[in-house]
Amino acid sequence: MKKFIVERKLPGAGNLTPEELKAISKTSVKVVTEMGKNYSWTQSFITEDKMYCIHIAESKEDIREHAKCGNFPVNTIEEIKQIIDPSTAG
């Protein structure tokens, strides 16, 4: 399995209400379940006009399928090759 970051341009994303975020989350979880694949959405980061979503999947095509079924925009999909954080500094 590979880890990907998905950029979604969504004007006004930073102003989404808790109810709207809950609805988006429910849709994503429902689509993942219905896909019946080894696939997971782990979390999303929301900025003013974008969402950056972390997904674990076999391929970019699976991520595109998830987006299509959930009616989610996809602007870029990048495979995450490495992760660093303060602990990496030793």
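Peer 1: How should I be thinking about the packing of helix α1 (residues 18–35) against helix α2 (residues 60–70) in this particular structure?
Peer 2: At a closest axis distance of 9 Å, the pairing of α1 and α2 adopts a crossing angle of 125°. Compared by their axis directions, α1 and α2 come out oblique. With respect to the hand of their crossing, α1 and α2 are arranged in right-handed fashion. Taken together, the residues of α2 that come into contact with α1 (itself represented by T27, S28, V31, V32 and M35) are D62, E65, H66, C69 and G70. Among the residues forming the contact of α1 with α2, the class breakdown is 4 nonpolar, 4 polar and 2 charged.

Peer 1: Which parts of the structure should I look at to understand the sheet that holds strand β2 (residues 40–46)?
Peer 2: For sheets, the rule is that strands pair by backbone hydrogen bonds, running either parallel or antiparallel. Across the sheet, 4 strands lie side by side as β2-β3-β1-β4; this open sheet has antiparallel pairing. One side of each edge strand has no neighbouring strand; the edge strands of this open sheet are β2 and β4 (76–79). Put simply, the sheet's adjacent strands are angled 20° from each other on average, direction ignored. Two strands pair when backbone bridges link them, and strand β1 (residues 2–9) and β4 are joined in this way by 4 bridges, in the antiparallel orientation. Bridge assignment links I5 to a residue of β4, and that residue is E78. Against the sheet, α2 makes contact with β1, β3 (50–57) and β4, and its axis sits at roughly 40° relative to β1, the strand it touches most.

Peer 1: What's the story with the side chain of R8 in this structure? I'm lost.
Peer 2: Within the secondary structure, R8 sits in strand β1. No salt bridge is formed by the buried R8. Its closest oppositely charged neighbour is E7, at 10 Å. Within the local environment of R8, its side chain forms a polar contact with the backbone oxygen of P73, the two atoms lying 2.8 Å apart. Sequence-distant contacts of R8, that is, excluding residues within four places in its chain, are made with D49, K50, M51, C53, H55, H66, A67, F72, P73, V74 and N75.

Peer 1: Honestly, the side chain of D62 in this entry has me stumped. Any pointers?
Peer 2: Within the secondary structure, D62 sits in helix α2. Among the residues examined, D62 registers a relative accessible area of 8% and is labelled buried. Every residue in contact with D62, bar those within four places of it in the chain, is listed here: M35, K37, Y39 and A57.

Peer 1: Honestly, the pattern of salt bridges in this entry has me stumped. Any pointers?
Peer 2: Once the charged atoms of two side chains with opposite charge are near each other, the side chains can pair. Following the criterion strictly, the structure yields 6 salt bridges and no others. The closest approach of N and O atoms between K30 and E34, which form a salt bridge, is 2.9 Å. Of this pair, K30 and E34 both sit in helix α1, 4 residues apart, which is roughly one turn of the helix. A relative accessible area of 55% means that E34 is categorised as exposed. Linking R64 and E61 is a salt bridge whose minimum nitrogen-to-oxygen distance equals 3.9 Å. With R64 and E61 both in helix α2 and 3 residues apart, the pair spans about one turn of that helix.

Quick notes on the rules
- Residues numbered from 1 in each chain as written.
- Predicted model: local features only at pLDDT ≥ 70, side-chain atom pairs only at ≥ 80, totals over all residues.
- Heavy atoms only, no water.
- Axes fitted to C-alpha atoms, helices over the stretch in contact; angles between N-to-C directions.
- Helix = DSSP H or I, 4+ residues; strand = E, 2+ residues; numbered from the N terminus.
- Parallel < 35°, antiparallel > 145°, perpendicular 65-115°, else oblique.
- Left-handed = near helix turned anticlockwise from the far one by under 90°.
- Contact = heavy atoms within 4.5 Å.
- Nonpolar A, V, L, I, M, F, W, Y, C, P; charged D, E, K, R; others polar.
- Pairing = 2+ DSSP bridges.
- Buried < 20%, exposed > 50% of the residue type's maximum accessible area, 1.4 Å probe, protein only.
- Lys, Arg positive; Asp, Glu negative; His and termini not counted.
- Salt bridge = Lys/Arg side-chain N within 4 Å of Asp/Glu carboxyl O.
- Polar contact = N/O pair within 3.5 Å; in protein donor to acceptor, adjacent residues only side chain to side chain.

Any functional reading would require information beyond the geometric quantities listed.
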